[in-house]
Amino acid sequence: MPLELTARTEPGKRLVALAERLASEIGPRAATHDRDASFAFESFAAVKESGYFIAPIPEQLGGLGVTSVHDVVVASSRLARGDASLTLGVNMHFAYLLNVVRRWSIAAAAGKERRATALARTLREILRDRVVFAAAASEAGQDLTRPATTATRTEDGWLVSGRKVFCTMSSAADVLYTAVTFADEDGCERYGYAMVPRDTPGVVVHDDWDALGMRASGSHSVTFDDVQLPASALLGGFHVGEAVPYMERNLIAGLLHASATLGIAENAHALAVGKVAERGTNGNGREAVLAAESTIELAACRAVLARAANVIDHHQAASPTSVGTDEELTELFAGAQAAKAFVSQAAPRIVDRALALSGGAGYLTGSPLSRAYRDVRAGGFMHPLGDNRAYEFLGQIALGREPSLH
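1. Structural notes on the side chain of Glu-266
Its location among the elements puts Glu-266 in helix α7 (residues 253–279). Glu-266 gets classed as buried once you look at its relative accessible area, which sits at 1%. Only 2.9 Å separates the side chain of Glu-266 from the side chain of Arg-302, close enough to count as a polar contact.

2. Quick look at unusual backbone geometry
Geometrically, the link from His-383 to Pro-384 is a cis peptide bond, its omega value of -10° lying close to zero. Turning to its location among the elements, Pro-384 is positioned in the loop between α10 (368–375) and α11 (387–398). With an omega of -15°, the peptide bond between Pro-384 and Leu-385 qualifies as cis. Here Phe-166, not a glycine, exhibits a phi torsion of approximately 55°, which is positive. One can find Phe-166 in strand β3 (residues 157–167). One non-glycine residue, Met-169, lies in positive phi territory at about 70°. The topology assignment puts Met-169 in the loop between β3 and β4 (175–183).

3. A short note on the nonpolar core
Nonpolar side chains in soluble globular proteins tend to be buried together. Within the largest apolar cluster, 124 residues are counted, with the highest numbers of intra-cluster contacts made by Tyr-52, Phe-224 and Leu-255. Broken down by element, this core gets its largest block of residues, 14 residues, from helix α4 (residues 84–109). In this view, Leu-255 contacts Val-69, Val-73, Leu-305, Ala-308, Ala-309, Ile-312, Ala-336 and Ala-339; residues no more than four positions away in its chain are not counted.

4. Quick look at the environment of Ala-120
Considering the arrangement of structural elements, one finds Ala-120 in helix α5 (residues 113–129). By relative accessible area, Ala-120 is classed as buried at 6%. C-alpha separation for the pair Ala-120 and Phe-53, spaced 67 residues apart in sequence, amounts to 17 Å.

5. With respect to the environment of Ala-183
Structurally, Ala-183 is set in strand β4. Taking the C-alpha atoms as reference, Ala-183 lies 48 Å from Ala-268; in sequence the two are 85 residues apart. Residues in contact with Ala-183, not counting those within four places in the same chain, are Arg-153, Trp-158, Cys-188 and Glu-189.

6. Observations regarding the pattern of salt bridges
Two side chains with opposite charge may pair up if their charged atoms get near one another. According to the stated counting rule, one finds 26 salt bridges in the structure shown. In this structure, Arg-128 and Asp-129 form a salt bridge, with 2.9 Å as the shortest nitrogen-oxygen distance. For Glu-248, the salt bridge identified is with Arg-249, shortest N-O distance 3.5 Å.

7. Describing a negative patch on the surface
A contiguous patch of negative charge, built from Glu-242, Asp-326, Glu-327, Glu-328 and Glu-331, is present on the exposed surface. Of note, Glu-328 is situated in helix α9 (residues 326–358). Accessibility expressed as a relative area gives 33% for Glu-328, which makes it partly exposed.

8. Observations regarding the layout of surface pockets
Roughly 450 Å³ of internal volume is contained in the second largest pocket. Within the residue set of the lining of the second largest pocket, elements represented by two or more residues are α4, α6 (243–249) and α8 (285–318). With six residues, the single largest contributor to the lining of the second largest pocket is α4. Residues of the lining of the second largest pocket, tallied by class, amount to eleven nonpolar, eight polar and six charged.

9. What to know about empty space enclosed by the protein
If a probe as big as a water molecule is rolled over the atoms, it shows which places are left empty. Inspection of every chain in the model, using the stated rule, returns two cavities of 30 Å³ or more. A volume near 130 Å³ is recorded for the largest cavity. In this structure, the largest cavity is lined by 13 residues; those nearest its centre are Ala-80, Ile-264, Asn-267, Arg-371 and Ala-372. Counting only elements with at least two residues in the lining of the largest cavity, the list comes to α3 (69–82), α7 and α10. Put simply, the second largest cavity is a space of about 40 Å³. Lining the second largest cavity, in full, are Ala-30, Asp-34, Asp-83, Ala-84, Ser-85, Arg-215, Ala-216, Arg-371 and Asp-375. Mapped onto the lining of the second largest cavity, the elements with two or more residues apiece are α1 (10–36), α4 and α10. Taken together, the residues of the lining of the second largest cavity break down into three nonpolar, one polar and five charged.

10. Re the pairing of β4
Of all the nine residues making up β4, eight are buried; the element is thus mostly covered by neighbouring parts of the structure. Two strands pair when backbone bridges link them, and strand β1 (residues 133–136) and β4 are joined in this way by four bridges, in the parallel orientation. Within the sheet, the bridge partner assigned to Ala-135 lies in β4 and is Tyr-177. Both β4 and strand β5 (residues 189–197) contribute to a ladder of nine bridges, which runs antiparallel. Across the sheet, the residue bridging to Leu-176 is Val-196, located in β5. Here β4 folds back onto β5, and the loop between the two strands holds five residues, one of which, Gly-187, carries a positive phi near 85°.

About the cut-offs
- Residues numbered from 1 in each chain as written.
- Predicted model: local features only at pLDDT ≥ 70, side-chain atom pairs only at ≥ 80, totals over all residues.
- Heavy atoms only, no water.
- Helix = DSSP H or I, 4+ residues; strand = E, 2+ residues; numbered from the N terminus.
- Buried < 20%, exposed > 50% of the residue type's maximum accessible area, 1.4 Å probe, protein only.
- Polar contact = N/O pair within 3.5 Å; in protein donor to acceptor, adjacent residues only side chain to side chain.
- Core = buried A, V, L, I, M, F, W, Y, C linked by side-chain atoms within 4.5 Å.
- Contact = heavy atoms within 4.5 Å.
- Salt bridge = Lys/Arg side-chain N within 4 Å of Asp/Glu carboxyl O.
- Patch = residues over 30% accessible without salt bridge, like charges linked within 9 Å, V, L, I, M, F, W, Y side chains within 5 Å.
- Areas by Shrake-Rupley, 256 points an atom, 1.4 Å probe, with all protein chains shown as cover.
- Lys, Arg positive; Asp, Glu negative; His and termini not counted.
- Charge placed at Lys NZ, Arg CZ, Asp CG, Glu CD.
- 1 Å grid on protein atoms, 1.4 Å probe; cavity = no way out; pocket = protein on both sides within 12 Å on 5 of 7 lines; lining within 4 Å.
- Points joined across faces, edges and corners; volume = space filled by probe spheres on them.
- Nonpolar A, V, L, I, M, F, W, Y, C, P; charged D, E, K, R; others polar.
- Pairing = 2+ DSSP bridges.

Below is the structure:
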């Protein structure tokens, strides 16, 4: 595919090659699972068996060493060409794992040996047990910085109660990293993530995902009915209502969502121009215009996505001992959200043109373009941030106002 994004590091190049191979393997199953709105467990198993899930873990800890946000984004776009629904879940796992790796890296660089050792142990355990994580963060009518799901202290640990929606890959993941509000030792409310094994008593993954697109993503709602957890399952956190700590923890999630959206658009465009070539029409006037417009928008999507990811990589390299200042994190998050919003709006136009180029065949239910037409529209709804909130947030930034994520 001409002008496509390429990895910058050797580990990244290996991951991209693996993503391309996996996309070829899991792609043929995607249509059946889309039609049945069923999770592709066999494709999930293939990705897990390949070692793809452990890619961000540093090589010195036994992983593949793909710590570049840019290269993870590139690999994600390739995997999404095969099965975008599954890629969403993989990306949410990566978002969590890259955060842990970043914290380990900071602790090690800052000479905080105890913390670095503890985080290294966590990463080695994830590697050893091949643990897969799914996000349980979204809630109906939510305040992004104040989860309605709660964790209450008990003598032995925590009691988690609440309901989450859009929990992608929740039917297959081992652990749900669950956004909760809890009270710290001083009685102050904090936002934290409770690590909840999916098979813990009281956790109910409802088989209720039935959507327009991403139908095979297993994005079910999950109920936590007085789920008992040990004290170690919930640590740290930040005061509820604080925007910058939320941005820092979700810095790359939007780019990962956007990369899947890009992969859908890239694949749709390639399929469509391939059909034109098969017809042997040599690209009549209308076909040439449609193909050119999509080529231009694909180039723009790739450029804005690559830049946003590279800026984060450069920031992390320049700030080895800290996450950065509030101003830096806000700027990085804004850049990522601008990129996500751009891609989530341009990609559907690219797929629309692909459908027009394909003719009536693309309109049939069994066509991969029909699936792409539905799947690509999911990007605009995904947090962080959905397009509506992204525009509000970016407008506040542009006008020099204090940004709000409530």
